[in-house]
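Architecture and fold: a report
Each chain, letter by letter, is given below.
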Amino acid sequence: MKKVLFFFSLMLTISTLAIGQASPRVSAESTNVKVSYGQPSKKGRVVFGGLEKFGTVWRTGANEATEITFKKDVKFGGKSVKAGTYSLFSKLGEKEWTIILNSELKQWGAYGYEKIKDKNVAEVTVPVKKLSDVVEKLTITTDDKTLTISWDTTSVSVPME
């Protein structure tokens, strides 16, 4: 009986620690656009080219894939996108990123991206801007005219109409 109680106590402790390590889910919202994403912190790590490898598809956040909702039809980086909710992924490069909207929701990370990439509704390539100051926590902002993703010393922006 003591072993069973010890086992359950150990599992509860591990579960509590794991939950405490999860990145918080935050959102950015404007009149037409809402973005919901897991907000990881830099924590002294090299983010792009280190934690997140160049040439790979990233969930653009932590935990569940980031979701972006458009209340009305929009031009996203010049591409027509219907009102609705999409998963937001980013293909990372040193000089440019490809920002991807995908119709498959409720993805955990980008682990299954290869299986769903045929559901991409828009892919927009944007230049990387190097920042002089470090952004400790991933930050996504929108004002209905621009979607901006900033973290560490990197920022990218997608124009919207």
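See the structure above.
In this text, all values refer to a predicted model and were calculated from it rather than measured experimentally.

Definitions and limits used
- Residues numbered from 1 in each chain as written.
- Predicted model: local features only at pLDDT ≥ 70, side-chain atom pairs only at ≥ 80, totals over all residues.
- Heavy atoms only, no water.
- Helix = DSSP H or I, 4+ residues; strand = E, 2+ residues; numbered from the N terminus.
- Buried < 20%, exposed > 50% of the residue type's maximum accessible area, 1.4 Å probe, protein only.
- Contact = heavy atoms within 4.5 Å.
- Salt bridge = Lys/Arg side-chain N within 4 Å of Asp/Glu carboxyl O.
- Phe/Tyr/Trp six-rings, centres within 6.5 Å; stacked < 30°, edge-to-face > 60°.

1. Here we look at the side chain of Asn32
Inspection of the secondary structure puts Asn32 in the loop between β1 (25-29) and β2 (33-38). What makes Asn32 buried here is its relative accessible area of 10%. Sequence-distant contacts of Asn32, defined by excluding residues within four places in its chain, comprise Thr69, Phe70, Lys71, Lys72, Asp73, Val74 and Asp144.

2. Here we look at the pattern of salt bridges
A complete count under the given rule lists four salt bridges for this structure. A salt bridge links Lys71 to Glu29, with the shortest nitrogen-to-oxygen separation between them at 3.3 Å. Note that Lys71 is positioned in the loop between β4 (62-70) and β5 (74-76) and Glu29 in strand β1, a separation of 42 residues in sequence. Residue Glu104 is joined to Lys119 by a salt bridge in which the shortest nitrogen-to-oxygen separation is 2.6 Å. Of this pair, Glu104 sits in the loop between β8 (96-102) and α2 (113-116) while Lys119 is found in the loop between α2 and β9 (120-127), placing the two residues 15 residues apart along the sequence.

3. Let's talk about the environment of Val121
Tracing the chain through its elements places Val121 in strand β9. The exposure class of Val121 is partly exposed, given its relative accessible area of 39%. Along the chain, Val121 and Glu104 lie 17 residues apart, while their C-alpha atoms are 10.0 Å from each other.

4. Let's talk about the packing of aromatic side chains
Scanning all chains against the criterion turns up eight aromatic pairs. Arranged with centres 5.9 Å apart and planes meeting at 85 degrees, the rings of Phe48 and Trp151 form a pair that is edge-to-face. Of this pair, Phe48 sits in the loop between β2 and β3 (57-58) while Trp151 is found in strand β11 (residues 146-159), placing the two residues 103 residues apart along the sequence. Since its relative accessible area comes to 10%, Phe48 is described here as buried. With 6.2 Å between their ring centres and 50 degrees between their planes, Phe70 and Tyr86 make a pair best called tilted. Placement of the pair is Phe70 in strand β4 and Tyr86 in strand β7 (residues 84-91), with a sequence separation of 16 residues. The same class applies to Phe70 and to Tyr86, which are both buried. These aromatic residues form a ring-pair network of at least three members: Phe48, Trp58, Trp97 and Trp151.

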